[in-house]
Amino acid sequence: MLNTKATYPWWITEPDDIAAILASCKRGEVHTLCTSAGGYEIPYITYGEKEDYHRQANYSSACGAKHPKYYADREGKRRTIMIIGATHGQETEGVCGIANLLTLLETGVDLRGEAVPMVTEAFDALQPRLIIVPIYNMDGRRRCPADSMLGEPHDADGYGLRYYGQGTWKDGTLCGWPQCKMIHPIKDAAGYLGAYYNDDGINLMHDNFFAPMAEETRALMKLIDEEAPECVIGLHGGSNSTNMLLQPDYVPQYTKEGVHNLAVATAALEAERGYKTYVIPVKDTNPGFPPPSFNLTTAIHHICGAVSSTYESNEGLCEANCFGAEEILIRHYCLFAALFRCGWEEK
Ligand SMILES: [Zn+2]
C-alpha cells in the first residue's frame, strides 16, 4: 500500500504534512536542528521550559568526578524527555505516532478526532521538557515513495521493505539487512539508494560518533548535550516483530534496567488493550566477538547519561504477525504514556 493516508487520513508521515502540523503548533515551539546532506531543513519542537540543570562539567568529566549531577543536577527539576522519529526514512510508524501526539498535545484530540487520556493526562501531570524530532533522516524520508510498509512484502524487486529501506547494489540486487552496513557510506556502491540513508549514503544509526560524518549527527549530539534529556527513545520499524524496546549495548546496568522498566510499563498498557507484548530481559553478560555496534542509541547515552533505547514497531507487512494501522498507532500511545509516567524509573 503506497499511499496509506488515502485509506487512513490520520496516517500523516510526509515531510510537507509534518511541516504543516508544526506550523500550526502554538503550545510547542518549533526550531531547526540543521540542514540535511540533501539540503532540507530538519525541524524539531519543544514543550515546556528548558531547565537549568546547573551544568559544571560535560558528562564524561562529571562521571569522572563520581556523580552525573555535575553534568545535570536534576534534583527537584522538570523532567526532560526526547523522542526521535525516522532515523530510517521508510520507518514511518513513529512519524505517524508523533504527528498524532503533536495534534493531541495541541488540540486535545488526535488526527482521528479522538481524545487519548492516557497520553494527555500523563503529559499534563508531568509537564516535562519534551523535545521531538519528527523526521531525523529527512533525506531518506523524502526519497521514500511509500508512506508506510502496511501491506508491503519484505523482499521484492522494485518495491517492498528491503527495496525501499536498504535499496540495491549497483547490479540491482537487494542490499538487505544487515549486509547493507558492510559498506559505509554506501552511496557509491548503491544502485537505488534506500531510505535508510541520508543523501550522502550515511546510515545515521551508525555514524562515527567521535568524529561525525554527517551534519545531522553533529547537530543532534549538540542538541542532546544542551538539553540533557534523561530518557531518549528513537522510533524505528522492525519488520513484523511485536513492538519492543531494544536493550542498548555498552551502557551501565542501571540504564539497561531503566529501559526494561519502561518496556514493562509500556507492555502493561498494551496488555490492558488486549495486545500481545514482548519485553526483552536485561542481560548482564559480556557480548564477546563479534562486538555489538556502538550505535546512535549508545552514543546518546554517553553524551548525557540518558536511558536510551531503540523502539522497534511492527510495520504491518503482508506476512505473519501483521498488525493493523490503528494498532500500530495505539501501541505508540502506550509507549508515550509510559514515557510521560517516567516509566523508566523503578516503581
Ligand atoms: Zn530503523
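Residues numbered from 1 in each chain as written. Predicted model: local features only at pLDDT ≥ 70, side-chain atom pairs only at ≥ 80, totals over all residues.

### Examining the overall build of the protein chain
Part 1 of the argument: Across its full length, the protein chain carries 11 helices and 9 strands.
Part 2 of the argument: Since a compact globule built from 347 residues should have a radius of gyration of about 20 Å, the 19 Å found for the protein chain is in line with a globular shape.
Part 3 of the argument: Overall, the C-alpha framework of the protein chain stretches about 55 × 45 × 40 Å when taken along its three principal axes.
Part 4 of the argument: Of all 347 residues assigned to the protein chain, the portion counted as buried reaches 48%.
Part 5 of the argument: Long-range contacts, defined as pairs at least 24 residues apart, comprise 69% of the intrachain contacts of the protein chain with a sequence gap of at least 6. (Helix = DSSP H or I, 4+ residues; strand = E, 2+ residues; numbered from the N terminus. Rg over C-alpha atoms; globule rule 2.2 N^0.38 Å. Buried ≥ 20, exposed ≤ 12 C-beta atoms within 10 Å, placed from the backbone. Contact = placed C-beta atoms within 7 Å.)

### Describing the sheet that holds strand S1 (residues 29–35)
Part 1 of the argument: Judged by pairing direction, the sheet is mixed, and its 7 strands sit side by side in the order S1-S2-S4-S3-S7-S9-S8 without closing on themselves. Two strands bound the open sheet, and with one partner strand each, they are S1 and strand S8 (244–245).
Part 2 of the argument: Pairing geometry for strand S7 (residues 231–237) and strand S9 (residues 307–313), over 7 bridges, is parallel. Residue Gly 234 lies in a different strand from S9, and its bridge partner there is Thr 310.
Part 3 of the argument: Sheet strands touched by helix H10 (residues 296–304): S7 and S9. Its angle to S9, the strand with the most contacts, is close to 160 degrees.
Part 4 of the argument: Each of strand S3 (80–85), S7 and S9 touches helix H11 (residues 325–340); the most contacted strand, S9, lies at about 165 degrees to it. (Pairing = 2+ DSSP bridges. Axes fitted to C-alpha atoms, helices over the stretch in contact; angles between N-to-C directions.)

### A short note on helix H9 (residues 253–272)
Residue pairs three or four apart in sequence face the same way in an α-helix, which turns once every 3.6 residues.
Part 1 of the argument: Between its first and last C-alpha atoms H9 spans 29 Å; for 20 residues at 1.5 Å apiece the expected length is 28 Å, and the two agree.
Part 2 of the argument: Residues of H9 that are buried: Thr 255, Lys 256, Gly 258, Val 259, Asn 261, Leu 262, Ala 263, Ala 265, Thr 266, Ala 267, Leu 269 and Glu 270.
Part 3 of the argument: The elements touched by buried residues of H9 are helix H5 (117–126), S8, H10, S9 and H11.
Part 4 of the argument: Where H9 terminates, the next one or two residues include Gly 274, which has phi positive at roughly 85 degrees. (Expected span 1.5 Å × (residues − 1).)

### Here's the deal with the pairing of S9
Part 1 of the argument: Burial analysis of S9 places 7 of its 7 residues in the buried class, which makes it a mostly covered element.
Part 2 of the argument: Summarising the sheet, S8 and S9 pair through 2 bridges and their orientation is antiparallel. Its bridge partner lying in S9, Leu 245 is registered against Tyr 311.

### Here's the deal with the environment of Ala 306
Part 1 of the argument: In this structure, Ala 306 sits in the loop between H10 and S9.
Part 2 of the argument: Put simply, Ala 306 and Cys 25 are 281 residues apart on the chain and 27 Å apart in space, counted from C-alpha to C-alpha.
Part 3 of the argument: Beyond its immediate chain neighbours, meaning those up to four positions away, Ala 306 contacts Pro 229, Glu 230, Cys 231, Val 232, Ile 300 and His 301.

### Observations regarding the packing of H5 against H11
What describes two packed helices is the angle between their axes and the distance between those same axes.
Part 1 of the argument: In contact at an axis separation of 8 Å, H5 and H11 are set at 20 degrees when each is read in the N-to-C sense. On the basis of their axis angle, the class for H5 and H11 is roughly parallel. As H5 runs across H11, the sense of the crossing is left-handed. Along its contact with H5, which presents Met 118, Val 119, Ala 122, Phe 123 and Leu 126, the element H11 presents Tyr 333, Phe 336, Ala 337 and Phe 340.
Part 2 of the argument: Broken down by class, the residue content of the contact of H5 with H11 amounts to 9 nonpolar, no polar and no charged. (Parallel < 35°, antiparallel > 145°, perpendicular 65-115°, else oblique. Left-handed = near helix turned anticlockwise from the far one by under 90°. Nonpolar A, V, L, I, M, F, W, Y, C, P; charged D, E, K, R; others polar.)

### Digging into unusual backbone geometry
Part 1 of the argument: Pro 178 follows Trp 177 through a cis peptide bond whose omega is 5 degrees.
Part 2 of the argument: A cis amide bond, omega -5 degrees, links His 184 with the succeeding residue Pro 185.
Part 3 of the argument: Relative to the elements of secondary structure, Pro 185 occurs in the loop between strand S5 (167–169) and strand S6 (190–193).
Part 4 of the argument: Notably, His 54 is not glycine yet its phi reads approximately 50 degrees, a positive angle.
Part 5 of the argument: When you line up the elements, His 54 lands in the loop between strand S2 (41–47) and helix H3 (59–64).
Part 6 of the argument: Positive phi outside glycine occurs at Ser 239, with the angle close to 55 degrees.
Part 7 of the argument: Among the secondary structure elements, Ser 239 is positioned in the loop between S7 and S8.
Part 8 of the argument: A residue is classified by how many C-beta atoms lie within 10 Å of it, and Ser 239, with 18 of them, is partly exposed.

### Concerning the environment of Thr 32
Part 1 of the argument: Its location among the elements puts Thr 32 in strand S1.
Part 2 of the argument: Thr 32 has contacts with Glu 41, Ile 42 and Pro 43, leaving out every residue within four places of it along the chain.

### What about the environment of Pro 117?
Part 1 of the argument: Along the chain, Pro 117 turns up in helix H5.
Part 2 of the argument: The class of Pro 117 is exposed, set by 11 C-beta atoms lying within 10 Å.

### Here's the deal with the packing of helix H4 (residues 93–107) against H11
Part 1 of the argument: Packing of H4 against H11 leaves a shortest axis separation of 9 Å and a crossing angle of 65 degrees. Between H4 and H11, the angle is such that the two are roughly perpendicular. For the crossing formed where H4 meets H11, the hand is right-handed. On H11, the residues that touch Glu 93, Gly 94, Cys 96, Gly 97, Asn 100 and Leu 101 of H4 are Ile 328, Leu 329, His 332 and Phe 336.
Part 2 of the argument: Of the residues contributing to the contact of H4 with H11, the split by class is 5 nonpolar, 4 polar and 1 charged.

Distances and angles like these do not, on their own, reveal function.
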